[in-house]
Amino acid sequence: MLDTNALVHDFLNKLKRRQIEGSKATAKLTAELLRSVISQQRLPNTNQAGALIDAIKAIGEQLVAANPVELAVGNIVRRVLHIIREEDLSLTTSAIGGLSLSAISDDENDVEQDNYPVLSAAAVAAAARNALRAPSLQTLLEGVPHSAAVLHSNSSADDSEEKTKSTDKNSRSRKLKHNVIETVNDLIQDIATCHEEIAEQAVEHIHHNEVILTLGSSRTVIEFLCAAKEKKRSFRVFVAEGAPRYEGHILANELISRGLQTTVITDSAVFAMISRVNMVIVGAHAVMANGGVIAPVGLSMVALAAQRHAVPFVVLAGIHKLCPLYPHKPEVLLNELKSPSDLLDFGEFSDCMDSATGIGFPLHVVNPAFDYVPPQLVTLFITDTGGHNPSYMYRLIADYYSADDLVLQRKPTS
Amino acid sequence: MDPRRPSRVIDPKVRKVGFFTPGPPPDRTQSGPAATPPTQSPVSNTLSPVMIPPARHASDNLSRAVGMPVPAGLQLHAHPPVDSLQVGSYTLSDSVLSPSPTQSPSSRVGLDGEFSEDSVNWMKRSNSGKFAAVLPTGRDFTQSIEASIDENSGDLVAELPLQKNPKPLKSKTTKAERRALQEAQRAAKATAKVGEGSKSVATSATSAPAQTSKPVRQPNQKKESGPLLVSSTLVNEKKGSEKAVEKDRKKEMPPPRMQFDDKNRVEKAKKRSVVKQTEARNRVELFRHLPQYERGNQLSDLESKFFQLDHVHPAVYKVGLQFLTGDIMWSNTRCIAMLQAFQKVIEDYTTPPEKILTRDLTSKLNSSVSFLIECRPLSISMGNAIRFLKARITKIPLTQTESEAKISLCSDIDRYINEKIVLADKVIVGHAVTKIRDGDVLLTYGSSSLIEMVLLHAHELRRQFRVVIVDSRPNLEGRVLLRKLVEKGLSCTYTHINAVSYIMHEVTRVFVGAASVLANGTIYSTVGTACIAMVAHAYHVPVLVCCESYKFHERVQLDSICSNELGDPDVIAKVPGRRDNCLDDWASKEGLQLLNLAYDVTPADYVSMIVTEHGMIPPTSVPVIVREYGREHILI
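Residues numbered from 1 in each chain as written. Chains lettered and ligands numbered in written order. Predicted model: local features only at pLDDT ≥ 70, side-chain atom pairs only at ≥ 80, totals over all residues. Heavy atoms only, no water.

Visitor: Got a minute to help me understand the packing of helix α20 (residues 380-395) of chain B against helix α21 (residues 402-433) of chain B in this structure?
Guide: For any two helices packed against each other, one specifies the inter-axial angle together with the distance between the axes. Residues and elements named next belong to chain B. Between α20 and α21, whose axes approach to 10 Å, the crossing angle comes to 150 degrees. Looking at the two axes, α20 sits roughly antiparallel to α21. Along this stretch, α20 crosses α21, giving a crossing that reads as right-handed. For the pair α20 and α21, the contacting residues are Asn384, Ala385, Phe388, Leu389, Arg392 and Ile393 in the first and Leu409, Asp412, Ile413 and Tyr416 in the second. Looking at the contact of α20 with α21, its residues break down into seven nonpolar, one polar and two charged. (Axes fitted to C-alpha atoms, helices over the stretch in contact; angles between N-to-C directions. Helix = DSSP H or I, 4+ residues; strand = E, 2+ residues; numbered from the N terminus. Parallel < 35°, antiparallel > 145°, perpendicular 65-115°, else oblique. Left-handed = near helix turned anticlockwise from the far one by under 90°. Contact = heavy atoms within 4.5 Å. Nonpolar A, V, L, I, M, F, W, Y, C, P; charged D, E, K, R; others polar.)

Visitor: Just to check I follow, could you spell out the environment of Tyr372 of chain A for this structure?
Guide: Residue placement: Tyr372 of chain A occurs in strand β9 (residues 370-373). Ignoring sequence-local partners within four residues, the contact set of Tyr372 of chain A consists of Met288, Asn290, Gly292, Val293, Ile294, Ser300, Pro327, Pro330 and Glu331 of chain A.

Visitor: Hey, could you run me through the interface of chain A and chain B in this one?
Guide: It is common to report an interface's size as the accessible area lost on association of the parts. Of the residues lining the interface, 56 residues belong to chain A; the matching set on chain B comes to 59 residues. The contact between chain A and chain B buries some 4,700 Å² in all, and 62% of this surface belongs to carbon and sulfur atoms. Between chain A and chain B we count three salt bridges in total. Linking Asp559 of chain B and Arg276 of chain A is a salt bridge whose minimum nitrogen-to-oxygen distance equals 2.4 Å. Summed over the shared surface of chain A and chain B, the number is 24 residue pairs in polar contact (both at pLDDT 80 or more). For the side of chain A that touches chain B, the class distribution of residues is 30 nonpolar, 16 polar and ten charged. (Buried area = accessible area lost by both parts, 1.4 Å probe. Salt bridge = Lys/Arg side-chain N within 4 Å of Asp/Glu carboxyl O. Polar contact = N/O pair within 3.5 Å; in protein donor to acceptor, adjacent residues only side chain to side chain.)

Visitor: Explanation requested: the packing of aromatic side chains in the structure shown.
Guide: Aromatic ring pairs are reported here in terms of the distance separating the ring centres and the angle at which the planes meet. What the rule picks out here adds up to five aromatic pairs over all chains. Both rings, one in Phe271 of chain A and one in Tyr606 of chain B, keep their centres 6.0 Å apart while their planes meet at 65 degrees; by these two values the pair is edge-to-face. With Phe271 of chain A in helix α14 (residues 270-273) and Tyr606 of chain B in the loop between β10 (599-602) and β11 (609-612), the pair connects residues from two separate chains. Judged by its relative accessible area of 4%, Phe271 of chain A falls in the buried class. Tyr606 of chain B sits in the buried class, given a relative accessible area of 5%. Ring geometry for Phe388 of chain B and Tyr416 of chain B: centres 4.3 Å apart, planes at 25 degrees, overall stacked. Of the two residues, Phe388 of chain B sits in helix α20 while Tyr416 of chain B sits in helix α21, which places them 28 residues apart along the sequence. Within the aromatic cluster, the residues linked to one another by ring pairs are Phe388, Tyr416 and Tyr550 of chain B. Lying over the aromatic face of Tyr606 of chain B, Arg308 of chain A brings its terminal NZ or CZ to 4.8 Å of the ring centre. (Phe/Tyr/Trp six-rings, centres within 6.5 Å; stacked < 30°, edge-to-face > 60°. Buried < 20%, exposed > 50% of the residue type's maximum accessible area, 1.4 Å probe, protein only. Lys NZ or Arg CZ within 6 Å of the ring centre and 35° of its normal.)

Visitor: Quick question: what am I supposed to make of the packing of helix α17 (residues 314-325) of chain B against helix α18 (residues 331-347) of chain B here?
Guide: Residue and element names in this part refer to chain B. Orientation of α17 relative to α18, taken along the N-to-C sense of each, is 160 degrees, at an axis distance of 8 Å. Judged by the inter-axis angle, α17 sits roughly antiparallel to α18. The way α17 lies across α18 gives a crossing that is left-handed. Residues Ala315, Val316, Val319 and Phe323 of α17 touch α18, and the partners they reach there are Arg334, Ala337, Met338, Ala341, Phe342, Lys344 and Val345. Tallied by class, the residues present in the contact of α17 with α18 amount to nine nonpolar, no polar and two charged.

These figures capture arrangement, not role.
So this is what it looks like as structure tokens:
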């Protein structure tokens, strides 16, 4: 336990100090941290999944609070919770094949009163989603009783093993942990290789002699463009340098070393150049449930320009960037202001400050890190599972997150 | 020029009401109805005394007013029949303010703001002195030769009666026209002196056909291009003196700008150039038509040449160096610096013996202008100013003595600077300040001297507002403005262009300056302005463009690529305040280009209002300003 505490503490500090950058790195580290937490977590004999979920939630809450802007942390926490639930469910369904309906329904009532009084709506939604997940003719024909059974078994999955026979418990507890860790390992693997899967689709989107514009730097974008290049597509890339960090220079260097025709332009020239561009391909910081994108600063401008000239605006995003939250005022609430020293040297205006006679501090330097691109400006998302419309994002969320976990904060009463 | 388009002549009187023209523009009377042909546009004629042989006007008028059938000679030179002559004249009327469409092509280019290498070319040639009078008519001259090659040469005889035709009408012509006639005759004599092989053809051709071919210049060009190009090359081979035929043809194209992807012409331009420019490596494919040179080495080269450049006045030389190094960057200051240098040129000017001030001074100025272009491409406002100055020079009456002419020219320049820039700025500031209210958050981009004046004036009026300065590479000129404003105690927010959509939420108005306002309402301005306007438009924030009307231009432009200026690409590679730039050795990398655009074009629909000294207008009214006041600004 001490060990995990130290690990968590260390990670929290890093998050707070913004020492971990990039959603991918953060996601990977978070998943690894949670994996070690799970492996060291001692599980009680009863309600193992519930205990595990509680433990993960507690840590997840801290992690999210440490850097609320880095949505990847929350995403991974939710993914892990979802994994636990799924694993538990599969174990339960295999173990309790013929468990009586009545027992479960009792239990379900308990659960709803105990833990999820508020989230009952969410539970219903989850049930509906699960019903959705098996839209076979059979389920339709069998009608209400069957789907009700699914509903009950799902929403009460975490606690249902209380009712199971104690003889299974030992083997099952080990099995649960083992399964969860296995799946989390898969998740980490997925995060590590997501750009490869995205890059595989490059040929389908990039044609010969195309002109592509991108801004700033993103590993996914580099891999995507290079994959297309490797498939013998010859095209030209305009790289907007992406003030104030000028990561576009790094991207340009990388592309050049892979033999791509690259032109570096200033950010201000985006509007001038976009009329000659066939496609805008950019990375994202996070993708919201409504299909909006939290993107590196400057992309909102690019997206508007692309819309003006009817240029497809394609966002590459690994699935770990998919956030199940709907944004509210994201450009302010999900943004982060960086150091003004990126724009102006600290000493540069000190002489003016003295002479300034105005009330208060006359000079502010604003250096936000992210932009919000609303879904109507995004043409396409390319994720590791394929291309999706912005309007489809909410549906993807249902595949990767459990509706019970959308709110990570525990209620103050519990 | 007006009798050929009666529909246009009536228009302005109706439209004038809608705008804040305090009184009728001074030149309104000239463009009277078509019923009074003899008084037609004397002013525009006087703009180009050399190039406008009067006979054509007369004959033109004659054929229209009297309803005479078009003479045979006219048909010969107007390859398309008379109908297309009409069409041609109407298309001409579209270019509302082309200073005087009746001028011969070369004079038009010379006066135009567009300083293509063509115009430079012509300037240089005219520089050489003896051809000065010949060349304007040269094209027509060769055309007549072409005609004689193309068709039976007997037609040429038919022109001669045409030449006689106008004589009875001459008594009615205005003073200006008479003067133009004199000069045309002089030009004809000069051609005779040159004494080429086909002297007789030349003399007959220069005066009469010169005029007939002009009104149909545009249709001519389109329809002739096929067979006549061949014939013209034939002529070229035969007559060494007429190399310019091909060029003149191109010169007539609406945008007479040098296209730097044309290798032949770049080669030629290089031979002439004073500033030794080496072509930049790794040029961007899309911008091959724009000049891009290696930076850094011209300056020392030019400095060493100082004593060899005897035809460049030291004042011009100084300004040129300042342009080259970027010491003078803003369009207003550049324009003023240039005009003041020209003032010095004029002060120190003495007419060489056996030359005429108007012509020799123009060629002298042309060489100065071409030097400045080599240092840095001219801005549109500077083009307008030069156009004004040349118009003034050509208007100098022959009776005036040299010193008088010089004094009047200098005072004209002073007046231009004062009225068009200094006073106009004051009026604009007065207008713009009315749009600033307490509690406003004003966003501005880059650094414009005019916007700075507006903001400071509003501050003096004790308006409570906040300024957001958005800045961007390559120049980071917003810092200059920021410093000035902070020193004056304004509350400022500084950010970079990528963050504009973040900051736009709190902004209530956007004020930007402009390098030029084009006739289709687009704003040609520092690169990035379009982005700002676009984001402001998306957030429903009004965009106010402040621009003096001397920067208005009748050119139209749809994108930022066809016409632009390329800056030094090295600026992009170097990030200020960063030691290890990963693009330091960019030039050695195959396939990597850096693009440093200087301007971009803001579509008119992003602009809520353009503040000029004539008032606050929507972008759709720009052509009206160009038409109503543009002519006046040439005249003052």
